[in-house]
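So the chains spell out like this:
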Amino acid sequence: MLRISDISKIFNAGTNDQVRALTNVSLDLEEGSFLVIIGTNGSGKSTLLNAVAGSFSVDSGSLHLSGHNITKWPEHRRAKLIGRVFQNPFSGTAPSMSIAENLALAARRGRSRGLGLALDSSVREELRGRVRTLNMGLEDRLDNPIGSLSGGQRQALTLLMASWLKPDLLLLDEHTAALDPKSADQVLQLTHEIITRDKITTLMVTHSMQQAVNLGNRIVMMNKGRVLHDISGSARENITAEDLLGRFEDLRRREQLGDSIGGLLLGAKGVTELMAIFEAIAGVDQNLDAREIALIAEFSQRWQIIPPDLTEGPVQAPGDILALRECVTNYLRISPPAEQATELLDVLHHFVNADDMVSTEEAIVMDEISAMIMAYVTHSGVLGKHEVVIVPQTSEQSIAIASLLPGIDATSMRGGTVYSVGRFFSAKYAEVVCEKYVALGLFTTRIEV
Ligand SMILES: Nc1ncnc2c1ncn2[C@@H]1O[C@H](COP(=O)(O)OP(=O)(O)O)[C@@H](O)[C@H]1O
Ligand SMILES: [Mg+2]
């Protein structure tokens, strides 16, 4: 009946405004079937209907309707086979012409023979009869201009006109979206009656899940110019509006995930740095439990990042609290949102307290990290007052330090040179840092500044 074969459409190809509106869309509609199309804004629903109606030619693929290859047919030629109703009640009718004239025009549309514009009394009677079926009292207002009608009345009339000659195909593009709920219900009821009575093959776009479930015998969900779901048969019979919403929800979640991958590639702030922190804390903690993994997952979801896979075991050398601090330093360096930094701190606190025992190491590193993050969040500009310095005892040591810590700050002090490892908030943490260098055989000390 209608065969849409592998059609694609790119708008403004080769320019900055290029849009891939349809990509390899194929759909086969049996005669008398009623397909409802759903999808987010911009997913290509209207473009698909416009491609069928011939508002533009497709870039590739083909369209067959009632045995004709209509791919190259101009719009007006297709209009002989296709009836259309748009979202806007003001399109599709001539506002200054009367109801009767509009209907007569519709009855003639695309046909050389027909009712004609001359409205003799028998024609008027036929029009009156058809309009009466709308149950809107319009049969007594046949000579009123269409422009004087409400949106609902107009859409009902447009629908009547579009289906007047029992088109091979009826295209409805959110035709009740601009109406108040009561009028929308009326027009939907009418849609149902006309389509079932005349068994018109129909493609209807709607944003209402309830409409999608109540009407038609097949549902297609579009996304980014493609058919994502095609639901028919028993799956269609058993589907609920909640199921459909669930599919949108899944889609949203997947796209957020996709976006964060994209963001990562574009250097989205903090994603890599946050991952490094989580991996490092997993290393410090060593016993990662379900609760801790859940904490990371929650945080990741809230900030739309992909949580690292920590179930593989610690990535860092066990107990490396220096690595954790360095990860936090790197993270703060990229100026994350204060809200995120605060939340991260919460997560880390929960994390450390999640197991029954807080190790000394954990307590020390948490003190340091808390102070760092708080200084960042409050823009205090305050640096830790515990500075760790290495004082080389020989020139060999100076060379060793320079190669061990390239870029380290060197200061002259009392005729010699001292190297500053950094300034820390926690005295205990500074001690741990000292010990690391002492273990390397370097004279290292903590001074207060
Ligand atoms: N005539 C056009 N020119 C340029 N871009 C268009 C045109 N029609 C639609 N688009 C673009 O194609 C995409 C799909 O639009 P559309 O089919 O109207 O979406 P939907 O009806 O699902 O909300 C959108 O990005 C839209 O901006
Ligand atoms: Mg649309």
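Before any of the text, the structure's been laid out above.
A. Broad picture of the environment of T201. Position of T201 relative to the elements: it lies in strand β8 (residues 201-205). Distance from T201 to K166, taken between C-alpha atoms, is 9.6 Å for residues 35 residues apart in sequence. The residues contacting T201, other than those within four sequence positions of it, are M1, L29, E30, E31, G32, S33, D168, L169 and L170. Here the side chain of T201 touches G32 through a polar contact of 2.9 Å, landing on its backbone nitrogen.

B. Region of interest: unusual backbone geometry. The backbone phi angle of N12 is positive, close to 50 degrees, even though this residue is not glycine. One can find N12 in the loop between β1 (2-11) and β2 (19-29). One non-glycine residue, N24, lies in positive phi territory at about 50 degrees. Along the polypeptide, N24 turns up in strand β2. Look at N24 and you get partly exposed, because its relative accessible area is 41%.

C. Quick peek at the pairing of strand β10 (residues 226-232). Relative to β10, strand β9 (residues 218-223) runs antiparallel, the two being bridged by six bridges. Paired with R218 across the bridge in β10 is S232.

D. Structural detail: the packing of helix α14 (residues 360-377) against helix α16 (residues 427-438). Between α14 and α16, the least distance of the axes is 8 Å, while the angle of their chain directions is 115 degrees. Comparing their axes, α16 and α14 come out roughly perpendicular. Crossing hand, α14 versus α16: left-handed. Across the interface between the two elements, I364, V365 and E368 from α14 touch K428, Y429 and V432 from α16. In terms of residue class, the contact of α14 with α16 is built from four nonpolar, no polar and two charged.

E. Structural view of the packing of aromatic side chains. For the coordinates displayed, the defined rule picks out three aromatic pairs. Ring geometry for F11 against F56: centres 5.4 Å apart, planes inclined by 80 degrees, an arrangement best described as edge-to-face. Taken together, the residues span a long stretch of sequence, with F11 in strand β1 and F56 in the loop between α1 (45-53) and β4 (60-65) at a distance of 45 residues. Note on F278 and F299: the rings are 5.6 Å apart at their centroids and 80 degrees apart in plane angle, and the pair reads as edge-to-face. With F278 in helix α10 (residues 271-285) and F299 in helix α11 (residues 290-302), this pair connects stretches of sequence that are 21 residues apart. Judged on exposure class, the residue F278 and its partner F299 are both buried. We note R77 situated over the ring of W73; from NZ or CZ to the ring centre the distance is 3.9 Å. Stacked on the ring of W164, the Lys or Arg R130 has its end atom at 4.0 Å from the ring centre.

F. Seen up close, the sheet that holds strand β14 (residues 444-448). The strand order across the open sheet built from four strands is β12-β13-β11-β14, with neighbouring strands paired in antiparallel fashion. Bordering the open sheet on either side are β12 (409-413) and β14, each of which pairs with just one other strand. The sheet shows a mean angle of 40 degrees between the axes of neighbouring strands, taken without regard to direction. Taken together, the five bridges between strand β11 (residues 386-390) and β14 define a ladder with antiparallel strand orientation. Looking across to β14, one finds that V388 is bridged to R446.

G. Inspection of the pairing of strand β3 (residues 34-39) at higher detail. Taking burial as the measure, the six residues of β3 include six buried ones, the bulk of the element. Residues F34, V36 and I38 point to one face of β3 and L35, I37 and G39 to the other, with burial holding for every one of them. By the bridge criterion, four bridges tie β3 to β8 in an arrangement that is parallel. Note that in β8 the partner of L35 across the bridge is L203.

H. Summary view of the site of ligand 1. Taken together, the neighbourhood of ligand 1 is formed by F11, N12, V19, A21, T40, N41, G42, S43, G44, K45, S46 and T47. Within the backbone of S43, one N or O atom sits 3.1 Å away from an oxygen atom of ligand 1. Calculation on ligand 1 without its partners gives an accessible area of 560 Å², and the protein chains cover 61% of this total. Of all the elements in the fold, those that place two or more residues in the shell around ligand 1 are β2 and α1. It is α1 that contributes the most residues to the shell around ligand 1, three residues altogether. For the shell around ligand 1, the residue count by class is three nonpolar, eight polar and one charged.

I. Local environment of the environment of L332. By the element assignment, L332 lies in helix α12 (residues 321-333). Looking at L332, the relative accessible area reads 12%, which means it is buried. When the C-alpha atoms of L332 and M372 are compared, they prove to be 8.7 Å apart, with 40 residues separating the residues in sequence. Setting aside chain neighbours within four positions, we find L332 in contact with M372, I373 and Y376.

J. Quick peek at the side chain of E139. Take E139: it is sitting in the loop between α4 (121-132) and α5 (151-163). Among buried charged residues, E139 stands out as having no salt bridge; its nearest opposite-charge side chain is R132, 4.2 Å away. Among all residues touching E139, those that are not within four sequence positions of it are R128, V131 and R132.

K. Representation of the sheet that holds β10 in the model. Spatial ordering of the open sheet is given by β6-β7-β8-β3-β9-β10, a layout of six strands whose pairing is mixed. The open sheet has two free edges, formed respectively by β6 (82-85) and β10, since each of these has just one partner strand. Recorded for the sheet is a direction-independent mean angle of 15 degrees between the axes of neighbouring strands. Packed on one face of the sheet, α1 meets β3, β6, β7 (169-173), β8 and β9 and runs near 150 degrees to β7. Docked against the sheet, α5 engages β6 and β7, running at close to 175 degrees with respect to β6.

Scoring rules and cut-offs
- Sequence order sets the numbering: in each chain, residues are counted from 1 along the sequence as written.
- Each chain gets a letter, beginning with A, and each ligand a number, beginning with 1, in the order they are written.
- Per-residue local features of the predicted model are confined to residues with pLDDT of at least 70, and side-chain atom pairs are confined, for both listing and counting, to 80 or more; whole-chain, interface and lining totals are unaffected and use all residues.
- Each side-chain value is derived from all of the structure's non-hydrogen atoms; neither hydrogens nor water enter the calculation.
- Helical segments are the DSSP runs of H or I of at least four residues, strand segments are the runs of E of at least two, and each set is numbered from the N terminus.
- Only heavy atoms matter for contacts: two residues are in contact if any of them lie within 4.5 Å across the pair.
- Each polar contact in these results corresponds to two N or O atoms within 3.5 Å; when the atoms are within protein, one needs to be able to donate a hydrogen and the other to accept it, and residues that are neighboring in sequence are counted only if both atoms are side-chain atoms.
- Buried, partly exposed and exposed residues are distinguished by accessible area as a fraction of the type maximum, computed with a 1.4 Å probe on protein chains only: under 20%, between the cut-offs, and over 50%, respectively.
- One bridge is not enough; two strands pair if DSSP finds at least two bridges between them.
- To obtain each axis, a line is fitted to C-alpha atoms, and for helices this fit is confined to the stretch in contact; angles are then taken between N-to-C directions over 0 to 180 degrees.
- Angles are sorted into four bins: roughly parallel if under 35 degrees, roughly antiparallel if over 145, roughly perpendicular if 65 to 115, and oblique for all others.
- The crossing is said to be left-handed when, going from far helix to near helix, the turn is anticlockwise and less than a right angle, and right-handed when the turn is clockwise.
- Residues are sorted three ways: Asp, Glu, Lys and Arg are charged, Ala, Val, Leu, Ile, Met, Phe, Trp, Tyr, Cys and Pro are nonpolar, and all the rest, Gly among them, are polar.
- Put simply, two rings from Phe, Tyr or Trp (the six-membered ring, in Trp's case) pair if the centres are within 6.5 Å, and we call them stacked under 30 degrees between planes, edge-to-face over 60, tilted for the rest.
- The rule is short: NZ of Lys or CZ of Arg within 6 Å of the ring centre and within 35 degrees of the ring normal puts a charge over the ring.
- For this purpose, a residue is taken to be near a molecule or strand whenever a single non-hydrogen atom of the residue falls within 4 Å of it.
- Exposure was quantified through the Shrake-Rupley algorithm and a 1.4 Å probe, taking into account, for residues, occlusion by the shown protein chains and nothing else.
- His residues and chain termini do not enter the charge count, which takes Lys and Arg as positive and Asp and Glu as negative.
- A side-chain nitrogen of Lys or Arg and a carboxyl oxygen of Asp or Glu constitute a salt bridge if their distance falls within 4 Å.

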